[in-house]
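Examination of the molecular architecture
Chain by chain, the residues run as shown.
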Amino acid sequence: MQDSTHSYQPTANTRADQLNRQCYCVTLDRKALDDSLLMQLSGAGTEPSTVSELHRLFSNTPVFVPREEIATMERIVQAIESATELPSYRERVLSWAPEIARFDPGPMGAFMGYDFHLGPGGPRLIEINTNAGGAFLNVVLARAQHRCCDPSQQTAATHRALDGFEDAVLTMFKREWQRQRGNSVPSRLAIVDDAPETQFMFPEFRLAQRLLQAKGIETLILDPSELEHASGTLTARGKPIDMVYNRLVDFALDTPPHATLRHAYQDGAAVVTPNPHVHAMLADKRNLTLLSAPQSLRDWGLNEADAGYLERAVPGTRQVSRNDAAELWSARRQLFFKPVAGHGSKGVYRGDKMTRRVFEHILSGGYIAQDLVPAGERTLRIDDAVVTRKVDIRLYTYAGKSLLAAARIYQGQTTNFRTPGGGFAPVFQV
């Protein structure tokens, strides 16, 4: 698809930059946030102390992002998803994917997450995630904001996204269902993760459960051990399960505790989203080696507009090989190393922080090396001290369309929720 925005040239947005450096406003209304969480989580076994423990997930301040950069990130997502439809791209991806990924039952993947760093050169893609966490929590956060010193606030487009979020989620799950089962709707959905009540994002599972049940879909939160599969039917607690919202990080469903779900998925006994095929097509980190090779994508049939966006947005990436050890060690200060099968910040290393022992581990296989792209920055005031934190931006999407934009404020080499003043933050477009 050709479009006029192909000529987009990123320019410094001094207003957004100035606000991120000089606006110390506390925009989060903690009481409104707590009231909303209590209202939504009440009756789900959540105590008030649990709500207060969620405070560490949320920053008090917004992150300011130029409107044109949000639009550019959305356009980059469309270019990526166009690339994944190319036959040559799919052939290459499946050459390193697990066998189960060859089975494509139809769903496109609920709640994709595209993570970006922002800088003078425009948005740069850092990672693509299936079952991206935080969307439901970020909607609650975005609705609990005061105005700040600058008149710019969440735009009309952002308000429309927040107002339409519940309906968009219902539509997403219906479409995932219909891509495999036709023009009906699921009656019962299971949110599945290992020991879900112990998971960091368990409150989000409760928010998702409440939303879907309010829309008429009975929703259970289950450990995979509760699933049973027999005679072409997936059940749990004596009830048939039509659809699984998969939050497992065993992306190929190949460990023994997930065998029942794996067999039900392969048997078509339930619609599973996101599923191993979706992860292989979009979120396997080795795919970044293809997405950062625009000429190959052009040769495979990607149009010039899409290729241009990916050329600017995707940092150079290659698979780590022991044959390249000397070159990689020499260039390590400009590289970021990520495990192919990893998720979140587990097992990732900035090259300039890496020891020889860690480098030897990386050379043993299963890693990519990505050109280091500095994170954006946000200045905060904490206890009368001015501090600078890092920022990344996540787009939650479905079928290439944005559902929500949110930020994460952190300190250290990777995103985390242990940083004073950090956590999820709303995006204010300027």
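What follows is about the packing of aromatic side chains. For the structure shown, the criterion picks out 12 aromatic pairs. Relative to tyrosine 245, the ring of phenylalanine 173 has its centre 5.3 Å away and its plane inclined at 70°; by these criteria the two rings are edge-to-face. Of this pair, phenylalanine 173 sits in helix H8 (residues 165-181) while tyrosine 245 is found in strand E9 (residues 243-246), placing the two residues 72 residues apart along the sequence. There is no split in this pair, since phenylalanine 173 and tyrosine 245 are both buried. Note that arginine 312 overlies the ring of tyrosine 309, its terminal NZ or CZ placed 5.0 Å from the centroid. In this structure, arginine 356 is placed above the aromatic ring of tryptophan 329, and the distance from its NZ or CZ to the ring centre is 4.1 Å.

Here the focus is unusual backbone geometry. Omega for the peptide link from threonine 273 to proline 274 comes to -10°, which places this bond in the cis form. With respect to the helices, strands and loops of the structure, proline 274 is situated in the loop between strand E10 (271-273) and helix H11 (276-283). For arginine 237, which is not glycine, the phi dihedral falls at a positive 55°. Structurally, arginine 237 can be placed in the loop between strand E7 (233-236) and strand E8 (239-240).

This part covers the nonpolar core. If you look at the biggest cluster of nonpolar residues, it comprises 47 residues, and the most contacted ones within it are Leu37, Phe58, Phe111, Val169 and Phe173. Those elements that place two or more of their residues in this core are helix H2 (30-41), helix H6 (135-142), H8, strand E4 (188-192), helix H9 (202-214), E9, strand E16 (385-398) and strand E17 (401-410). The greatest single-element share of this core, amounting to seven residues, is contributed by H6. With residues near it in sequence (within four places) discarded, phenylalanine 58 still touches Leu28, Arg30, Leu33, Leu37, Leu137, Leu141, Gly422, Gly423 and Phe424.

Here is what the cut-offs are and how they apply
Residues numbered from 1 in each chain as written. Predicted model: local features only at pLDDT ≥ 70, side-chain atom pairs only at ≥ 80, totals over all residues. Heavy atoms only, no water. Phe/Tyr/Trp six-rings, centres within 6.5 Å; stacked < 30°, edge-to-face > 60°. Helix = DSSP H or I, 4+ residues; strand = E, 2+ residues; numbered from the N terminus. Buried < 20%, exposed > 50% of the residue type's maximum accessible area, 1.4 Å probe, protein only. Lys NZ or Arg CZ within 6 Å of the ring centre and 35° of its normal. Core = buried A, V, L, I, M, F, W, Y, C linked by side-chain atoms within 4.5 Å. Contact = heavy atoms within 4.5 Å.

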